[in-house]
Amino acid sequence: MSAPADLQHLFILLKRELAEYDNRLKVITDNDKRYELIFDSPFQFAGKTYPRLYFSAASVEKNYVTLHFFPIYSHPRQFDDLPERLRKTLKGKSCFNFKKLDEQLIEEIRHMLDQGFELYSKAAGSVNA
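This section reports on the structure supplied with the text. (Residues numbered from 1 in each chain as written. Predicted model: local features only at pLDDT ≥ 70, side-chain atom pairs only at ≥ 80, totals over all residues. Heavy atoms only, no water.)

1. A closer look at the pattern of salt bridges
Note the following rule: Here, a salt bridge means any side-chain nitrogen of Lys or Arg that lies within 4 Å of a carboxyl oxygen of Asp or Glu. Going along the chain from the N terminus, every DSSP run of H or I of four or more residues is numbered as a helix, and every run of E of two or more is numbered as a strand. Between buried and exposed lies partly exposed: a residue is buried under 20% and exposed over 50% of the maximum accessible area for its type, with that area taken using a 1.4 Å probe on protein chains only.
With the rule as written, the count across this model stands at seven salt bridges. Here Asp-40 makes a salt bridge to Lys-26, at a shortest N to O gap of 3.8 Å. Pair noted here: Asp-40 is in the loop between β2 (34–39) and β3 (43–45) and Lys-26 is in strand β1 (residues 26–30), with a separation of 14 residues, a long-range link. Owing to a relative accessible area of 46%, Asp-40 belongs among the partly exposed residues under this scheme. Arg-34 is paired through a salt bridge with Glu-36; the nearest N and O atoms lie 3.3 Å apart. When its relative accessible area of 12% is taken as the criterion, Glu-36 is described as buried. A cluster of three or more residues bridged by salt bridges with shared partners is formed by Glu-17, Glu-107 and Arg-110.

2. Quick notes on the packing of aromatic side chains
Heads up, the rule is: Stacked, tilted and edge-to-face pairs are distinguished by plane angle, under 30 degrees for stacked and over 60 for edge-to-face with tilted covering the rest, among Phe, Tyr and Trp rings (Trp via its six-membered ring) whose centres lie within 6.5 Å. Our definition puts a charge over a ring when NZ of Lys or CZ of Arg is within 6 Å of the ring centre and also within 35 degrees of the ring normal.
Going through the model one piece at a time under the given rule, you end up with 10 aromatic pairs. Ring plane angle 25° and centroid distance 5.5 Å describe the contact between Phe-39 and Phe-117, whose orientation is recorded as stacked. In this pair, Phe-39 is assigned in strand β2 and Phe-117 in helix α4 (residues 103–128), connecting sequence segments 78 residues apart. Like Phe-39, the residue Phe-117 is buried in the burial classification. Clustering of aromatic rings is evident, with ring pairs tying together Tyr-21, Phe-39, Phe-55, Phe-69, Phe-79, Phe-117 and Tyr-120. Above the face of the Phe-117 ring, Arg-24 is positioned so that its terminal group lies 4.6 Å from the ring centre.

Here you go:
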């Protein structure tokens, strides 16, 4: 069963934002309902070095589209300044649920993704140094 057209449209918008990183990260899932990206290089987190690290994913659910964003889980203080509209969509520690998007919200998501990518890039670089 396919997703309603409005949810599919939201998914495409979120996937487009995530795809900005697909030449620097590894795409591990790419289909019409889910798109996932990881850092495919050593990463140090909580005193351990991992061979790779989950970054973000978009997925179509029954009544909304979800953006999973691991940097806000691993480094919550780095995202204390999230705009209130975006923060209201945060459900749990790292999952944002959307039933609609506008240009302002997309810009806020874009900024958050950039911030998380920069944070993880620096951390991954320190493992390789």
